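What follows is each chain in one-letter form.
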Amino acid sequence: MAEPGDPPHALVEALNARFARIAGFSYDHRWWVVATCVALLAGAMTLAGQVRIDNSYEAYFDPGDPAFLAYERYRDDFGSDEVSYILYEAPDHEHGPWNLEIMRRVDELTRALEDEVPFIYEVKSLTNAELTIGVPDGIEISKLSDGLPATQQELLDLRAQYLSKPMLVGGIASADGTHGAIIIKMDRSSTDPPEAIRLDPAKGDALENLYPQVTDDAIEKILARPEYSDLRFYHSGDVPLNAIYNRVIAYESPRLDFITSCVIAALLLLTFRSFVSALAPIAVVQLCVIFCVAFIALLGWKLDMGFGSIPTLLTAIGVAHSVHILSEFRTRYARLGDRREALVQSMHLVGTPCLMTSLTTAVGFGSMAFVPIKSIAHSGAYGAFGVMAAFVMSVTLLMALLSMARIELAILAALVGLGAGYLATAGSLDPAVALACGVGAAALAGGLTLALFERRGPPRGGKGGALTRDVLLAIAAFDVRHRRAILASFGALFVLSGIGITRLIVDSNWLDDFSDKVPLKAVIERVDRVMGGTTNVIYLFDAGESEGIKEPAVLREMKRVQEIAAEHQPLVRKSYSLVDVLEDLNQVFHGGDPAHHVIPESRELVAQYLILYESSGGEETEEYVSADYRRASVELRLALAPTRETAKLVARIDAALEGSPLEASSVELTGIGALWLKLMDYIVSSQILGFTLAFVVIAAMMVAIFRSLSTGLISMVPNLSPVLLALGVMGWSGVFLDYSKITIAAVAIGIAVDDTIHLVSRYRYEFGLCGDYVEALRRALVDVGRALLITSAALVCGFLVLVLSVLDSQATYGILLATTIVSALIADFLLMPALVLTFHPFGPEGAQRTEARVPEAA
């Protein structure tokens, strides 16, 4: 059989020789290699234990981003904007939340939340909400908690007064009186330093000892008490949302990674019929996942939603190197009967292609490191690091594991088993992490033990049996007979995909991240239907001087924005500002006459109202104005909707303000909704930048690898098909291009090109031997086709594990990536040969060349 390799070239031959020496060294010093990896693992686990989880909005923005800086200025004036929002109803009681007995329980609940929930700033409910009424000598601000009514009728009379206050309706009371709400404002943020969000210092930084998890748990435990069983609660807001995101990363990512490892190990076991061949690659990639987390900690970064799918992706991608190595090793070991010689020759043949494929995949990830979305940029950087770490471990640790005899495997199994026992009982580790490590190590130990009883002679060949050979030869024959039809079909597919891409919608709706398996999704949807306004945009007004907000002209400009926004129903459910408080005060001072629900006429009158309000115990104004009365906010509460609807609203308000500019103040847009709008802008630029950078760099690498412009460019054409297909399918099916999918093009091309490198390298080599394109295709497909099938199957199975995620965004991402791998394999087996057979990029037929041979073991 022809020995694969590249034409003589100093760099390639130097690399081939270097990989052969690495294989020999790893065989001769296998225990040193294993010991070094264990030492690295210990250090990596120490670093990984220090990493924090952050899924706040800060995770998406660079600290110097103008949109984020505007948001930070708003928070400096108005404090943390993180809340828990508890909607409730009492369906079994007449008058619902306005039932006197229910109101007493809500009062008790409010006090319990204030006293027992950690990291809160204040709790606001119907029982402590301010009710402002006029009295002969001024105003009186009362609260139900000051003394609940003695009779049900008295409470119903008060209900009419409360429901007449626009500031309360849609916030803590529904307009129809069927629901109430409790708003818990926090004095912490998810991005605060660990010492500020740690509940019990003795328990360290375990996830369940940190805000917001401890706050979420405390609220849920109080709501579950039997004394509140007549109330039906719907707990939503930033606290439960951030808590569930954090738990998904902390607990679901390892779970999906474990499932991916099991699925791929089963596939490798079925393929190679060897426990060592199934488990050794899994051990290698899991080590790299830990290295990746350590890399994140070393750089001072945090785990965010960009990390969610990385363990699964690295596991699937990292195994691909091992498949090519194992396939070549088993073939040569079967022929030579010498384990060391087989390893040396295998690495001489596949080491350089594996390096090239690792570099192209790393480029796919790394191209996203330059996008403006911080979490995506970080995931691109540590994804590229993980890919290269997997390559290094594949050519060192995997070699050492394949070198071991029975007794050595028994010793290693015992050591791993001891490590499993230690990790499972290590008091310094998070219990969930310790359990995961322990179970994983125990499984590896058990697998290595089973390996002791498997057949230990030279294995049967790794290139597949007669059936695989016949299928691959049939594919080659099909390519030869139908190359024009193949080119025409793919051309039509490119056109259809291009049309689909023009239909692609850049948009996002954060609630669509969750599958229906997450109870919080239904809760948020109910809160949105009943109260509305589960997200917001904020217009921050600056009067230019202290006390300037009290100027009626400034207040009228704020009111104008509220009136423009009110025209955009049903998106804008409600607005809040200092204007609402002042209009209410003006009406109270005029005997409750609705005609006086307007802004006071003079700055002096505004100042007087505010002094009387604050001296009477009023506190709500601090939510809407800075302490020096220079800045004030207008908050627009928005219904759940795609971000493009928010963009339309903002565009209309901007157009109105441009047509009639503000004169007494300046204004800037901020708030969570504004940050989502900025993310939309970044998504478009990130997709273009990431894919363009990945394509250009990978194309240049392909030209350099094959030392031919025509070969390099032709090899890139098949790798465009999976990217175009994925984006085209998204366009035709109406799947949004959002922040969770912007890496799809760059990562897909980085992964898809791997098989092309292996196949084109072998195809070119075989052509150099026989000088015939058809025969060279037959030889190349038979030689590497089975390995390509196995790696593609492993990638598809690994990516499809993401379908089990509770996040629909992760599931969709996995399906799209799996689709790209299948289409890339089809393109490599059909389109690439058709292009080569048509354009003859390797030169004219009939000219045979002398090729470098595989060296004997060093």
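These notes cover the structure that comes with them. (Residues numbered from 1 in each chain as written. Predicted model: local features only at pLDDT ≥ 70, side-chain atom pairs only at ≥ 80, totals over all residues. Heavy atoms only, no water.)

Looking at the overall build of the protein
Applicable threshold: Each helix is a run of DSSP H or I of at least 4 residues and each strand a run of E of at least 2, with the numbering of both proceeding from the N terminus. With a 1.4 Å probe rolled over the protein chains alone, any residue whose accessible area is under 20% of its type maximum counts as buried; one over 50% counts as exposed, and the rest are partly exposed. Note on contacts: a residue pair qualifies if any of its non-hydrogen atoms lie within 4.5 Å across the two residues. Here the Shrake-Rupley method, with its probe set to 1.4 Å, supplies the accessible areas, and only the displayed protein chains count as covering residues. Note that His is not counted, nor are the chain ends; the positive residues are Lys and Arg, and the negative ones are Asp and Glu. Where a charge sits is defined by one atom per residue type, namely NZ (Lys), CZ (Arg), CG (Asp) or CD (Glu).
A tally of regular secondary structure across the protein gives 26 helices and ten strands. Once the C-alpha set of the protein is aligned to its principal axes, its extents read approximately 105 × 60 × 45 Å. Expressed as a percentage of its 858 residues, the buried residues of the protein come to 58%. Expressed as a percentage of contacts within the protein between residues at least 6 apart in sequence, the contacts between residues at least 24 apart total 81%. Carbon and sulfur atoms make up 61% of the accessible area of the protein, which totals about 32,700 Å². Of the charged side chains in the protein, 67 are positive and 97 negative, and the gap between their average positions amounts to 13 Å.

Considering the layout of surface pockets
Our working rule: Here a cavity means grid points, on a 1 Å grid over the protein atoms only, where a 1.4 Å probe fits yet cannot get out; a pocket means an open set of points with protein on both sides within 12 Å along at least five of seven lines; lining residues are those with an atom within 4 Å of a point. Grid points are joined across faces, edges and corners, and a volume is the space filled by probe spheres set on the points.
Taken as a whole, the second largest pocket spans an internal volume of roughly 1,100 Å³. Residue lining of the second largest pocket: 45 residues in total, with Asp-81, Val-83, Lys-185, Glu-635 and Arg-637 positioned closest to the centre.

So, the side chain of His-324
Note on placement: His-324 falls in helix α10 (residues 310-336). Exposure remark for His-324: the relative accessible area of 8% places this residue in the buried category.

Some points on the sheet that holds strand β6 (residues 232-237)
Cut-off, in case you're wondering: Two strands qualify as a pair provided DSSP detects at least 2 bridges between them. Working convention: axes come from line fits to C-alpha atoms, limited for helices to the stretch in contact. Angles between N-to-C directions cover 0 to 180 degrees.
With antiparallel pairing, the four strands of this open sheet are ordered in space as β2-β5-β1-β6. Single-partner strands in this sheet number two, and they are β2 (120-124) and β6. Along the sheet, successive strands turn relative to each other by an average axial angle of 15°, direction set aside. Sheet topology places β2 next to strand β5 (residues 180-186); four bridges connect them, and they run antiparallel. Across the sheet, the residue bridging to Glu-122 is Lys-185, located in β5. Helix α8 (residues 238-272) rests against β1 (83-89), β5 and β6 of the sheet, and its axis sits at about 70° to β6.

Let's talk about empty space enclosed by the protein
Going by this rule: Under this grouping Gly is polar, as are all residues other than the nonpolar Ala, Val, Leu, Ile, Met, Phe, Trp, Tyr, Cys and Pro and the charged Asp, Glu, Lys and Arg.
All chains considered together, the criterion is met by seven cavities of 30 Å³ or more. Estimated volume of the largest cavity: approximately 270 Å³. Looking at the lining of the largest cavity, the elements with two or more residues in it are α10, α12 (374-403) and α26 (808-839). If one sorts the elements of the lining of the largest cavity by residue count, α12 sits on top with four residues. In terms of residue class, the lining of the largest cavity is built from ten nonpolar, nine polar and one charged.

Re the pattern of salt bridges
Heads up, the rule is: One speaks of a salt bridge when a side-chain nitrogen belonging to Lys or Arg is within 4 Å of a carboxyl oxygen belonging to Asp or Glu.
For the coordinates displayed, the defined rule picks out 34 salt bridges. Residue Arg-247 is joined to Asp-217 by a salt bridge in which the shortest nitrogen-to-oxygen separation is 3.0 Å. Taken together, the positions of Arg-247 in helix α8 and Asp-217 in helix α7 (residues 213-223) put the pair 30 residues apart, joining distant regions of the chain. A single network of salt bridges, built from pairs that share partners, joins Glu-101, Arg-104, Arg-105 and Asp-230.

What about unusual backbone geometry?
For the bond running from Tyr-211 to Pro-212, omega is 5°, close enough to zero to count as cis. Mapped onto the elements of the fold, Pro-212 is located in the loop between α6 (194-197) and α7. Looking along the chain, the bond that leaves Gln-569 and enters Pro-570 is cis, with omega of 5°. Despite not being glycine, Phe-119 shows a phi value in the positive range, around 65°. Following the sequence through the fold, Phe-119 ends up in the loop between α4 (100-116) and β2.

Observations concerning the sheet that holds strand β9 (residues 631-638)
A sheet is described by the order of its strands in space; here four strands give the open sequence β8-β9-β7-β10, paired in antiparallel fashion. Each edge of the open sheet is held by one strand with a lone partner, namely β8 (572-576) and β10 (666-670). In this sheet, neighbouring strand axes are inclined to one another by 20° on average, regardless of whether the strands run parallel or antiparallel. The strands touched by helix α22 (residues 672-706) within the sheet are β7 (535-542) and β10, with β7 carrying the most contacts at an inclination of about 100°.

Thoughts on the state of the cysteines
In plain terms, the rule: Working definition: a disulfide is two cysteine sulfur atoms within 2.5 Å of each other.
Taken as a whole, this structure holds zero disulfides when the rule is applied. Not part of a disulfide, Cys-292 finds its nearest cysteine sulfur in Cys-288, a span of 9.1 Å. Residue Cys-292 is classed as buried on the basis of its relative accessible area of 1%.

Some details on the environment of Phe-78
Mapped onto the secondary structure, Phe-78 falls in helix α3 (residues 66-78). Take Phe-78: its relative accessible area is 14%, and that puts it in the buried class. Remark: the alpha-carbon pair of Phe-78 and Ser-327, spanning 249 residues in sequence, is separated by 62 Å. The residues contacting Phe-78, other than those within four sequence positions of it, are Leu-540, Glu-622, Glu-623, Tyr-624, Val-625, Ser-626, Arg-631, Ala-632 and Ser-633.

Describing the nonpolar core
Inclusion rule: Within this scheme, the nonpolar core is defined by two criteria: the residues are buried Ala, Val, Leu, Ile, Met, Phe, Trp, Tyr or Cys, and they are joined through side-chain atoms within 4.5 Å.
Ranked by size, the top nonpolar core spans 169 residues in total, and within it Tyr-763 and Phe-799 carry the most contacts. Other than its neighbours up to four places away in sequence, Phe-799 contacts Leu-313, Ala-316, Ile-317, Ile-751, Gly-814, Leu-817, Ala-818 and Ile-821. Membership of the second largest hydrophobic core comes to 48 residues, among which are Ile-86, Tyr-162, Ala-173 and Tyr-234.

Re the pairing of β1
For β1, a buried count of six out of seven residues is recorded, marking the element as mostly surrounded by other parts of the structure. Of the strand pairs in this sheet, β1 and β5 are connected by six bridges, and their pairing is antiparallel. Bridge pairing links Val-83 to Lys-185 in β5. In this sheet, β6 lies alongside β1 in antiparallel orientation, the contact comprising six bridges.

Notes on the packing of aromatic side chains
The condition that has to hold: Think of it this way: a Phe, Tyr or Trp ring, Trp meaning its six-membered ring, pairs with another when their centres are within 6.5 Å, and the plane angle makes it stacked under 30 degrees, edge-to-face over 60, tilted otherwise. Two limits define a charge over a ring: the Lys NZ or Arg CZ must be within 6 Å of the ring centre, and within 35 degrees of the ring normal.
Summed over all chains, the structure comprises 16 aromatic pairs. Relative to Phe-68, the ring of Phe-61 lies with its centre 6.4 Å away and its plane at 10°, an arrangement referred to as stacked. Comparing Phe-61 with Phe-68, the two get one shared label, buried. Between Phe-295 and Trp-301 the ring centres are 6.4 Å apart and the planes differ by 85°, which places this aromatic pair in the edge-to-face class. By way of ring pairs, the aromatic residues Tyr-763, Phe-767, Tyr-773 and Phe-842 are connected into one cluster. Here the guanidinium or amino end of Arg-30 rests over the ring plane of Tyr-27, the centre of that ring lying 4.8 Å away. Between the NZ or CZ atom of Lys-550 and the centre of the ring of Tyr-629, over which it lies, the distance is 4.6 Å.

So, the packing of α8 against helix α25 (residues 773-800)
In plain terms, the rule: Throughout, the term roughly parallel applies to angles under 35 degrees, roughly antiparallel to angles over 145, roughly perpendicular to angles from 65 to 115, and oblique to all others. Should the near helix be turned anticlockwise from the far one by less than a right angle, the crossing is left-handed, and should it be turned clockwise, the crossing is right-handed.
In the contact formed by α8 and α25, the axes pass within 9 Å of each other and the chain directions differ by 155°. Taken together, the axes of α8 and α25 lie roughly antiparallel to each other. Of the two elements, α8 crosses α25, and the hand of that crossing is right-handed. Note on element contacts: α25 touches α8 through Arg-786, Ile-790, Ala-793, Ala-794, Cys-797 and Gly-798, opposite Thr-260, Val-263, Ile-264, Leu-267, Leu-268, Thr-271 and Phe-272. Split by residue class, the contact of α8 with α25 holds nine nonpolar, three polar and one charged.

Section: a nonpolar patch on the surface
To be explicit about the condition: Surface patches are defined over residues having more than 30% relative accessible area and no salt bridge, joining like charges when they lie within 9 Å and nonpolar side chains (Val, Leu, Ile, Met, Phe, Trp, Tyr) when within 5 Å.
A cluster of nonpolar residues, Val-495, Leu-496, Ile-499 and Trp-732, forms a patch on the protein surface that exposes about 390 Å² of accessible area. At three residues, helix α16 (residues 483-502) tops the list of elements feeding residues into the nonpolar patch. Mapped onto the elements of the fold, Trp-732 is located in helix α23 (residues 709-733). For Trp-732, a relative accessible area of 45% gives the class partly exposed.

Details of the pairing of β9
With six of eight residues buried, β9 is to be regarded as a mostly interior element. The pairing of β7 with β9 spans eight bridges and is antiparallel. The partner of Thr-535 across the bridge, within β9, is Leu-638. Of the strand pairs in this sheet, β8 and β9 are connected by four bridges, and their pairing is antiparallel. Of the residues in β9, the one forming a bridge with Tyr-576 is Glu-635.

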